[in-house]
Amino acid sequence: MPWREDTRPYFVLVSEIMLQQTQVERVVPKFEAFIRRFPDIASVAQASLAEVLQLWSGLGYNRRAKFLHQAAQRIMADYGGNFPETERELMTLPGVGKNTAGAILAYSFNQPAVFIETNVRTVYFHHFFEDQALVTDKELATIVAQTVDTEHPREWYWAIMDYGTSLKQTGGGRLDKSHHYKKQSPLKGSVREVRGQILKALATQSYSEDALRKLLAADDRFVLALEGLQKDGLVSQTDGQLHLSL
């Protein structure tokens with residue numbers, strides 16, 4: 001994984017946002033393509049949202065791309081291009097919550113931060129909550145804080161990630177124990193599928209709403225998908241033409 005070979009905070013930020021709700025094997029080639037085009041935080045901040053969305057195409061949950069773009073702009077404007085190094089400051093960045101901030105602190109700055117993600121849940125459910133039906137992240141965080149390797153947190157979390165992957169492959173550490181667990185709905189037939197189709201079409205050119213409907217052979221999901229994209233600031237309309245936001 002390239003973000004383990006180079007742990008600069010920009011690489012970790014990009015990887016963590018991409019890995020939200022997306023498998024590692026899908027993320028690696030998209031991460032590598034993204035870094036080739038945007039090798040540092042300044043290049044993302046200077047790009048248009050449309051450019052970022054084009055590189056993001058295929059990962060889904062495109063609001064993450066917008067958050068990454070906004071976070072880059074915030075780092076350049078408020079921190080002079082230098083990554084903040086505290087949880088409080090990191091959490092002021094769009095799209096960066098407590099767990100993403102913790103991952104950046106652990107992986108980039110080698111700080112023993114406490115954060116919870118899928119593989120952490122898997123490992124701790126397996127070893128500490130085998131007989132408990134529903135477990136909150138607050139309960140998990142208490143145990144993580146007691147067991148994190150304070151001398152080598154970066155390597156420790158990498159080991160937890162790999163161990164969690166192994167457990168899932170062998171049926172251990174069921175995620176439905178989590179109070180926060182939500183099974184991801186299938187893409188096929190969803191509004192999310194149409195959102196992706198709209199963004200993919202607009203990545204190449206602008207369309208009127210009628211033309212876009214015809215191009216996609218749109219069904220009832222189209223209106224919800226388009227309204228959602230406009231509300232999220234991913235698609236705009238100028239002079240009757242729909243286009244990716246700048």
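Everything here concerns the structure above.
First things first, this report covers the structure right here in the doc. Each residue is numbered by its place in its chain's sequence as written, counting from 1. Local features in a predicted model are, by the rule used here, given only for residues with pLDDT of at least 70; side-chain atom pairs are given and counted only at 80 or more, and totals for whole chains, interfaces and linings are based on all residues. To get the side-chain values, all heavy atoms of the structure are used, and hydrogens and water are removed first.

### Topic: the overall build of the protein
Alright, step 1. Broken down by element type, the protein carries 14 helices and two strands.
Alright, step 2. Computation of the radius of gyration draws on C-alpha atoms, with the globule rule given as 2.2 Å multiplied by the number of residues to the power 0.38. Relative to the compact-globule value of 18 Å for 246 residues, the protein shows a C-alpha radius of gyration of 20 Å, a close match.
Alright, step 3. Oriented by its inertia axes, the alpha-carbon framework of the protein measures out at about 60 × 45 × 30 Å.
Alright, step 4. Here the protein holds 246 residues, and the buried ones make up 44% of them.
Alright, step 5. Per-residue and other accessible areas were derived by the Shrake-Rupley procedure at a 1.4 Å probe size, with only the shown protein chains allowed to occlude residues. Total accessible area computed for the protein in this model is approximately 12,700 Å², and 50% of it derives from carbon and sulfur atoms.
Alright, step 6. This count recognises Lys and Arg as positive and Asp and Glu as negative, with His and chain-terminal groups excluded. The atom standing in for a charge is NZ when the residue is Lys, CZ when it is Arg, CG when it is Asp and CD when it is Glu. Positive and negative side-chain charges of the protein, numbering 28 and 29 respectively, have mean locations separated by a distance of 5 Å. Elements are defined by DSSP. Helices are runs of H or I of four residues or more, strands are runs of E of two residues or more, and each kind is numbered from the N terminus. Remark: exposure states derive from per-residue accessible area (1.4 Å probe, protein chains only) relative to the maximum for the residue type, with buried under 20%, exposed over 50%, and partly exposed in between.

### Considerations on helix H3 (residues 24-37)
Alright, step 1. Between its first and last C-alpha, H3 extends 20 Å over 14 residues, near the 20 Å set by a 1.5 Å rise per residue.
Alright, step 2. Residues of H3 that are buried: Val27, Phe31, Phe34 and Ile35. Here the expected length of a helix is defined as 1.5 Å per residue gap, with one fewer gap than residues.

### Digging into the packing of helix H8 (residues 98-109) against helix H11 (residues 153-169)
Alright, step 1. With axes taken as lines fitted to C-alpha atoms, and helix axes fitted only over the stretch in contact, angles between N-to-C directions fall between 0 and 180 degrees. Contact geometry for H8 and H11: axes closest at 7 Å, N-to-C directions at 120°. Between H8 and H11, the contacting residues are Ala106, Tyr107, Ser108 and Phe109 on the first element and Arg154, Tyr157, Trp158 and Met161 on the second.
Alright, step 2. Put simply, Ala, Val, Leu, Ile, Met, Phe, Trp, Tyr, Cys and Pro go in the nonpolar bin, Asp, Glu, Lys and Arg in the charged bin, and everything else, Gly too, in the polar bin. When its residues are assigned to classes, the contact of H8 with H11 shows six nonpolar, one polar and one charged. Contacts are assigned to residue pairs with any non-hydrogen atoms lying within 4.5 Å of each other.

### Quick look at helix H12 (residues 191-202)
Alright, step 1. Here H12 spans 17 Å end to end across 12 residues, near enough to the 16 Å set by a 1.5 Å rise per residue.
Alright, step 2. Turning to H12, its buried residues number three or more, namely Glu193, Val194, Arg195, Ile198, Leu199, Ala201 and Leu202.
Alright, step 3. For H12, the elements touching its buried residues are helix H6 (63-79), helix H13 (209-216), helix H14 (221-231), strand S1 (235-238) and strand S2 (241-244).

### Quick notes on the environment of Asn99
Alright, step 1. For Asn99, the location among the structural elements is in helix H8.
Alright, step 2. Sequence-wise, Asn99 and Glu117 are 18 residues apart; in three dimensions their C-alpha atoms are separated by 7.1 Å.
Alright, step 3. Dropping the residues within four chain positions of it, Asn99 is found in contact with Phe115 and Ile116.
Alright, step 4. Within polar-contact distance, the side chain of Asn99 engages the backbone oxygen of Ile116 at 3.0 Å. Polar contact is the term for a pair of N or O atoms within 3.5 Å; when the atoms are in protein, one must be able to donate a hydrogen and the other to accept it, and sequence-neighboring residues count only if both atoms are side-chain atoms.

### Some points on the nonpolar core
The tendency in soluble globular proteins is for nonpolar side chains to be buried as a group.
Alright, step 1. For the purposes of this section, nonpolar cores are sets of buried Ala, Val, Leu, Ile, Met, Phe, Trp, Tyr and Cys residues that join through side-chain atoms within 4.5 Å. Ranked by size, the top nonpolar core spans 72 residues in total, and within it Tyr10, Phe34, Tyr124, Tyr157 and Ile198 carry the most contacts.
Alright, step 2. In this structure, Ile198 is in contact with Leu212, Leu216, Phe222, Ala225, Leu226 and Leu229, ignoring residues within four places of it in sequence.

### With respect to the packing of aromatic side chains
Alright, step 1. Any Phe, Tyr or Trp ring, taking Trp's six-membered ring, that has another such ring centre within 6.5 Å forms a pair; planes under 30 degrees apart are called stacked, those over 60 apart edge-to-face, and the others tilted. All chains considered together, the criterion is met by 11 aromatic pairs.
Alright, step 2. Each ring, one from Trp3 and one from Phe31, has its centre 5.1 Å from the other, and the planes form 75°; the classification is edge-to-face. Residue Trp3 is located in helix H1 (residues 2-5), and its partner Phe31 is located in helix H3; the two are separated by 28 residues in the primary sequence.
Alright, step 3. The interplanar angle of 80° and the centroid separation of 6.4 Å between the aromatic rings of Tyr107 and Tyr157 together place this pair among those described as edge-to-face. On the criterion of sequence distance, the pair formed by Tyr107 in helix H8 and Tyr157 in helix H11 is long-range, its members being 50 residues apart. Tyr157 carries the same exposure label as Tyr107, and that label is buried.
Alright, step 4. For a lysine, the NZ atom is tested; for an arginine, the CZ atom; a charge sits over a ring if that atom is within 6 Å of the ring centre and within 35 degrees of the ring normal. The aromatic ring of Phe11 is capped on one face by Arg8, whose charged end is 4.3 Å from the ring centroid.

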